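Structural overview
Listed here are the chains, written in short residue letters.
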Amino acid sequence: MAEVCKDIDAALAALNNKIDAQNGRMRELERRQKECCNQKSKDNDTDLSGILERLKKAETDILDLGGVLGTVIDDLKDVLDSISEHNDNAKESQNIFSTILGFFIDE
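This write-up is about the structure you can find in this document. None of the values given here were measured: they were computed from a predicted structure.

Basis of the calculations
Residue positions are given per chain, counting from 1 as you read along its sequence in written order. Side-chain atom pairs in this predicted model are given and counted only at pLDDT of 80 or more, local residue features only at pLDDT of at least 70, and totals for whole chains, interfaces and linings cover all residues. With hydrogens and water set aside, each side-chain value is computed from the structure's full complement of heavy atoms. To qualify as a helix, a DSSP run of H or I must reach at least 4 residues; to qualify as a strand, a run of E must reach at least 2; elements of each kind are numbered from the N terminus. Within these notes, the globule rule equals 2.2 Å times the number of residues to the 0.38 power, and the radius of gyration is based on C-alpha atoms. Accessibility here uses a 1.4 Å probe with only protein chains present; expressed as a share of the type maximum, an area under 20% marks a residue as buried, one over 50% as exposed, and anything in between as partly exposed. Methods summary: accessible areas were calculated by the Shrake-Rupley approach with a probe of 1.4 Å, and residue burial reflects only the protein chains presented. The charge count includes Lys and Arg as positive and Asp and Glu as negative, but it does not include His or the ends of the chains. Where a charge lies is defined by one atom per residue type, namely NZ (Lys), CZ (Arg), CG (Asp) and CD (Glu). Here a pair means two rings of Phe, Tyr or Trp (six-membered ring of Trp) with centres within 6.5 Å. Their orientation is stacked below 30 degrees between planes, edge-to-face above 60, and tilted elsewhere. For this document, the term salt bridge refers to a Lys or Arg side-chain nitrogen within 4 Å of an Asp or Glu carboxyl oxygen.

Right, let's get into the overall build of the chain. When helices and strands are tallied, the chain shows two helices and zero strands. Against the globule reference of 13 Å for 107 residues, the chain gives a C-alpha radius of gyration of 46 Å, more extended than a compact globule. Viewed in the frame of its principal axes, the chain has a C-alpha envelope of about 150 × 30 × 10 Å. Taken across its 107 residues, the chain has 0% of its residues classed as buried. Entry remark: accessible area of the chain is about 10100 Å², with carbon and sulfur atoms responsible for 59%. Positive and negative side-chain charges of the chain, numbering 14 and 23 respectively, have mean locations separated by a distance of 22 Å.

Following this line, the structure appears as structure tokens:
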């Protein structure tokens, strides 16, 4: 019976050694995980102030550009209105000239 107890004790000792080894591996994995999480946390502390300033400036510039485009569109409308008025005047002048020319040709 004593020999059986020695075998059981040896098996329990081997099992205990395996459990200790697994616990050691778990502690190492937990340490690595914590180290990794801490590194990621440090990486997330990136200074974004430069990018945020550029974004704010871009927003302002876009709004300003919208105002400039509005002015350009208004100016184009004025030019097109002037061209249309010029064409109407030219058509009237052509009609007057045609009438005068027609008068001389008919006479």
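We are not done yet, so read on.
This model, assessed by the stated rule, comprises one aromatic pair. Centre to centre, the rings of Phe103 and Phe104 are 5.9 Å apart; their planes meet at 65 degrees, and the pair counts as edge-to-face. For the pair Phe103 and Phe104, a shared accessibility class is recorded, and that class is exposed.

According to the stated counting rule, one finds five salt bridges in the structure shown. Lys77 is paired through a salt bridge with Asp81; the nearest N and O atoms lie 3.0 Å apart. Here Lys77 and its partner Asp81 are both found in helix α2 (residues 49-106), four residues apart, which amounts to about one turn of the helix. In this structure, a network of salt bridges that share partners links the residues Glu28, Arg31, Arg32 and Glu35.

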